[in-house]
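Examining the three-dimensional arrangement
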Amino acid sequence: MNLPLPLTPDPAPVITIDGPSASGKGTVAERVASLLGFHFLDSGALYRLTALSAMKSGVALDDEARVGELAVALPATFRDGAVWLADENVSEAIRAETVGEGASKVAALPAVRAALLDRQRAYRQAPGLVADGRDMGTVIFPDAVAKVFLTASAEARAERRYKQLIGKGNSASLAALVADMQARDARDTARSVAPLKPAPDALFLDTTEMDVESAVRAVLDYYASCDARNKL
Ligand code: DC
């Protein structure tokens, strides 16, 4: 007698948005998640939190074993619209350029990437997830229903970051930001584990000449077309 196979529920749909620093993918991903009523994962924040945690405890950013231990036990939470490291609201602190630099360094350590893998996958919950990062479509959610690689020229990205910094009353040099952007892109692209690269099945979206609203619309339209194709 053939028994019916138990029904396993379909996993929640995932939209991945990968791309280089300051490409605007975070803003676009958050907006898409909110319009669809999906959860949102800012995976870069986890690498930033790991770097900040190492910096606070005086652990060298290239000490793979110790930084890996910090990542395993990372007391990180996202609540009330803020990012917390244990009891400390670090929403502002993790956005500092030094912490972004540190994040790019610890993100190259295989022990750190392994430590953060399950934590990232746990965000996949109904009704769906929009995940933003570097390896969301290639490593963390290879079965995502829609994958986007969102980029812009290094100059355009540096200019966006420059306006953000000046807007917050910080001083900044555009030339230094372009150089930083290129150095970080090179490190994120050249590392041996989970390098920054488009998934072969990703939509390539160059936003150099595009505003946020048009980019959000392009991602939503793409998701709708992938979703319709899946239901055929
Ligand atoms: O997206 P972001 O600028 O907050 O990311 C900070 C650093 O973390 C970035 O330089 C590369 C790294 N990162 C990564 O390696 N993999 C991810 N999925 C997200 C970020």
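Structural data are supplied above this passage.
Scoring rules and cut-offs
Residue positions within a chain follow its written sequence, with the count starting from 1. Only residues with pLDDT of at least 70 are given local features in this predicted model, and only at 80 or more are side-chain atom pairs given and counted; all residues enter the totals for whole chains, interfaces and linings. Excluding hydrogens and water, the side-chain figures rest on all heavy atoms present in the structure. Here a helix means four or more residues in a row that DSSP labels H or I, a strand means two or more in a row labelled E, and each is numbered from the N terminus. To get the radius of gyration, use the C-alpha atoms; to get the globule rule, take the number of residues to the power 0.38 and multiply by 2.2 Å. The buried label applies to any residue whose accessible area, calculated with a 1.4 Å probe on protein chains only, is under 20% of its type's maximum; exposed applies above 50%, and partly exposed to all values in between. Whether two residues are in contact is decided by their heavy atoms: any pair within 4.5 Å suffices. His is not counted, nor are the chain ends, whereas Lys and Arg count as positive and Asp and Glu as negative. The atom standing in for a charge is NZ when the residue is Lys, CZ when it is Arg, CG when it is Asp and CD when it is Glu. Each residue after the first adds 1.5 Å to the expected span of a helix. Throughout, the term near means that a residue has one or more heavy atoms lying within 4 Å of the molecule or strand in question. Distance and chemistry together define a polar contact, namely a pair of N or O atoms within 3.5 Å, with one atom able to donate a hydrogen and the other to accept it when in protein, and with adjacent residues in sequence counting only for side-chain atoms on both sides. Areas reported as accessible are Shrake-Rupley estimates using a 1.4 Å probe. Residue values count occlusion only from the protein chains shown. Only Asp, Glu, Lys and Arg are considered charged, only Ala, Val, Leu, Ile, Met, Phe, Trp, Tyr, Cys and Pro nonpolar, and every remaining residue, Gly among them, polar. We call two strands paired when DSSP finds no fewer than two bridges between them. To get an axis, fit a line to the C-alpha atoms, keeping to the stretch in contact for a helix; angles then go from 0 to 180 degrees between the N-to-C directions. Here, a salt bridge means any side-chain nitrogen of Lys or Arg that lies within 4 Å of a carboxyl oxygen of Asp or Glu.

1. Focus on the overall build of the protein
In terms of regular secondary structure, the protein is built from nine helices and eight strands. Taken over the C-alpha trace, the protein has a radius of gyration of 18 Å; the compact-globule value for 232 residues is 17 Å, and the two agree within 12%. Burial status across the protein gives 44% buried among its 232 residues. When contacts within the protein are restricted to residue pairs at least 6 apart in sequence, those whose partners lie at least 24 apart make up 76%. If the 26 positive side-chain charges of the protein are averaged to one point and the 30 negative ones to another, these points end up 1 Å apart.

2. Remarks on helix α5 (residues 110–121)
Structural remark: α-helix, 3.6 residues per turn; residues separated by three or four positions point the same way. For α5, which comprises 12 residues, the first-to-last C-alpha distance of 17 Å matches the rise-based estimate of 16 Å (1.5 Å per residue) to within 8%. Residues of α5 that are buried in the fold lie against β2 (39–42), α2 (43–56), α3 (64–72), α4 (97–106) and α6 (136–140).

3. Description of the site of the ligand
The environment of the ligand is formed by 17 residues, the closest being R48, R113, R134, D135 and R191. Contact between the ligand and D188: an oxygen atom at 3.1 Å from a side-chain N or O atom of the residue. In the complex, 97% of the free accessible area of the ligand, which totals 440 Å², lies under the protein chains. Of all the secondary-structure elements, those providing two or more residues to the shell around the ligand are α2, α4 and α8 (174–190). The element that contributes the greatest number of residues to the shell around the ligand is α2, accounting for four residues. Its residues assigned to classes, the shell around the ligand shows four nonpolar, four polar and nine charged.

4. So, the side chain of R161
Residue position: R161 is located in helix α7 (residues 154–167). For R161, the residues in contact, after removing those within four places along its chain, are A22, E97, L177 and M181.

5. A look at the sheet that holds strand β3 (residues 76–79)
In space, the three strands of this open sheet follow the order β3-β4-β5, with antiparallel pairing throughout. Looking at the sheet topology across the chains shown, the edges are occupied by β3 and β5 (88–89). Two elements, strand β4 (residues 82–85) and β5, share two bridges in a ladder whose sense is antiparallel. By the bridge assignment, L85 is partnered in β5 with E88. Strand contacts of α2: β3, β4 and β5, with the helix running at about 40 degrees to β4, the strand carrying the most contacts.

6. Some points on the pattern of salt bridges
Going through the model one piece at a time under the given rule, you end up with 15 salt bridges. Close ionic contact of D135 with R113 constitutes a salt bridge, the shortest N to O distance being 3.0 Å. Of this pair, D135 sits in the loop between β6 (129–133) and α6 while R113 sits in helix α5, and the two are 22 residues apart along the sequence. Here D135 and R113 have matching classes, each one buried. Several salt bridges share partner residues, and in doing so they unite E97, R161 and R184 into one network.

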